[in-house]
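Report on the structure
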Amino acid sequence: AQSVTQLDSQVPVFEEAPVELRCNYSSSVSVYLFWYVQYPNQGLQLLLKYLSGSTLVKGINGFEAEFNKSQTSFHLRKPSVHISDTAEYFCAVRDFGNEKLTFGTGTRLTIIP
Amino acid sequence: DTAVSQTPKYLVTQMGNDKSIKCEQNLGHDTMYWYKQDSKKFLKIMFSYNNKELIINETVPNRFSPKSPDKAHLNLHINSLELGDSAVYFCASSQNKGLSSYNEQFFGPGTRLTVL
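Analysis parameters
- Residues numbered from 1 in each chain as written.
- Chains lettered and ligands numbered in written order.
- Predicted model: local features only at pLDDT ≥ 70, side-chain atom pairs only at ≥ 80, totals over all residues.
- Heavy atoms only, no water.
- Helix = DSSP H or I, 4+ residues; strand = E, 2+ residues; numbered from the N terminus.
- Buried < 20%, exposed > 50% of the residue type's maximum accessible area, 1.4 Å probe, protein only.
- Pairing = 2+ DSSP bridges.
- Axes fitted to C-alpha atoms, helices over the stretch in contact; angles between N-to-C directions.
- Contact = heavy atoms within 4.5 Å.
- Salt bridge = Lys/Arg side-chain N within 4 Å of Asp/Glu carboxyl O.
- Polar contact = N/O pair within 3.5 Å; in protein donor to acceptor, adjacent residues only side chain to side chain.
- Nonpolar A, V, L, I, M, F, W, Y, C, P; charged D, E, K, R; others polar.
- Disulfide = S-S within 2.5 Å.

1. Focus on unusual backbone geometry
Going from threonine 7 of chain B to proline 8 of chain B, the amide bond is cis rather than trans, its omega being -5°. As for its position among the elements, proline 8 of chain B is in the loop between strand S1 (4-7) and strand S2 (10-13). One non-glycine residue with positive phi stands out, namely asparagine 61 of chain A, at about 60°. With respect to the element layout, asparagine 61 of chain A can be found in the loop between strand S7 (56-58) and strand S8 (64-68). Using a relative accessible area of 39% as the deciding quantity, one classes asparagine 61 of chain A as partly exposed. At threonine 72 of chain A, a position not held by glycine, the phi torsion is positive, near 45°. With respect to the helices and strands, threonine 72 of chain A occurs in the loop between S8 and strand S9 (73-78). Exposure remark for threonine 72 of chain A: the relative accessible area of 30% places this residue in the partly exposed category.

2. What to know about the sheet that holds strand S8 (residues 73-78) of chain B
Residue and element names in this part refer to chain B. Read from one edge of the open sheet, four strands run S1-S3-S8-S7, paired in antiparallel fashion. Each end of this open sheet is capped by a strand with a single partner; those strands are S1 and strand S7 (64-70). Pairwise comparison of adjacent strand axes, ignoring direction, gives a mean angle of 20° for this sheet. Relative to S8, S7 runs antiparallel, the two being bridged by five bridges. Note on S8: the bridge partner recorded for proline 66 is leucine 76.

3. Side note on the interface of chain A and chain B
Facing the 24 residues of chain A at the interface are 26 residues of chain B. Counting the contacts that link chain A with chain B gives zero salt bridges. For the pair chain A and chain B, the number of links is two residue pairs in polar contact (both at pLDDT 80 or more). Only strand S5 (31-38), strand S6 (44-50) and strand S10 (87-95) of chain A provide two or more residues apiece to the side of chain A that touches chain B. In terms of residues, the side of chain A that touches chain B owes the most to one element, S5 of chain A, which gives four residues. The residue inventory of the side of chain A that touches chain B, partitioned by class, reads ten nonpolar, eight polar and six charged.

4. Some thoughts on the pairing of S2 of chain B
Residue and element names in this part refer to chain B. Where burial is concerned, the two faces of S2 differ: the one with Leu11 and Thr13 is buried and the one with Tyr10 and Val12 is not. For S2 and strand S11 (residues 111-115), the ladder comprises four bridges, and the chain directions are parallel. Bridge pairing in S11 places tyrosine 10 opposite arginine 112.

5. Examining the pattern of salt bridges
By the definition in use, this model includes nine salt bridges over all chains. Its salt-bridge partner being glutamate 88 of chain A, residue arginine 108 of chain A comes within 3.2 Å of it at the nearest N-O pair. Of this pair, arginine 108 of chain A sits in strand S12 (residues 107-112) while glutamate 88 of chain A sits in strand S10, placing them 20 residues apart in sequence. By relative accessible area, which is 7% here, glutamate 88 of chain A ends up buried. Ionic pairing is found between arginine 63 of chain B and glutamate 82 of chain B, a salt bridge with its closest N-O pair at 3.5 Å. One end of the pair, arginine 63 of chain B, is in the loop between strand S6 (53-57) and S7; the other, glutamate 82 of chain B, is in the loop between S8 and strand S9 (87-94), with 19 residues separating them in the sequence. Counted as one network, the salt bridges with shared partners bring together Glu20, Lys58, Glu64, Glu66 and Arg77 of chain A.

6. Structural notes on the state of the cysteines
Under the definition given, this model contains two disulfides over all chains. The disulfide partner of cysteine 23 of chain A is cysteine 91 of chain A, and the S-S distance across this bridge is 1.9 Å. Linking cysteine 23 of chain A and cysteine 91 of chain A, the disulfide has an S-S dihedral of approximately -65° and is accordingly described as left-handed. Note that cysteine 23 of chain A is positioned in the loop between strand S3 (19-21) and strand S4 (24-26) and cysteine 91 of chain A in strand S10, a separation of 68 residues in sequence. Since its relative accessible area comes to 0%, cysteine 23 of chain A is described here as buried. Through a disulfide, cysteine 23 of chain B is tied to cysteine 91 of chain B; the S-S separation comes to 1.8 Å. Across the S-S bond of cysteine 23 of chain B and cysteine 91 of chain B the torsion is about -75°, and the bridge reads as left-handed. Of this pair, cysteine 23 of chain B sits in strand S3 (residues 19-25) while cysteine 91 of chain B is found in strand S9, placing the two residues 68 residues apart along the sequence. By the burial criterion, cysteine 23 of chain B is buried, and cysteine 91 of chain B matches it.

This is the structure we're talking about:
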């Protein structure tokens, strides 16, 4: 069975500073990996996804993530954050051959002016 | 031109009542989902329907019953509501290209259910 761990429940970062949100997964098969963002009182929006190929994937709003198979990680990064990046970020995994999407518990990113 | 819409956005009701949440998608997708997000923001799938057929049914009380009148709609009926049912419920949809393919899920805005 697949699972996702987001170790940091809250991450405060100063505006224009870099940020990394950590995500580790476990699965016995190959996976698809995702990061979703949830702005206050809104639904989830896909930030980026890893399906295959290059391990560095770029998404919307200047975010990127790197798939590391040996460490079973898919950490999200942004070199310079803005106030508008304040939101909840969810890492998710889906096994090949399985329709089910499993989410982590989320990381609340708070940008400090 | 909302892709995935849910009604109502907010629902406040008493324990023991029966309520429904509606979901509609205009993306032409053939797979729809219901997720529950609890007070700690943990998001977990409840059900998935493909072309009106149930394909994922997680461990959910049988008080919860999804109903899909057509592939553009997946409604969630909840009987005998309990305090623990308070949560945000998200509907989502995707185009099913097969299990070996990537099927991006598009989420609705959520319905915040409060049971008093």
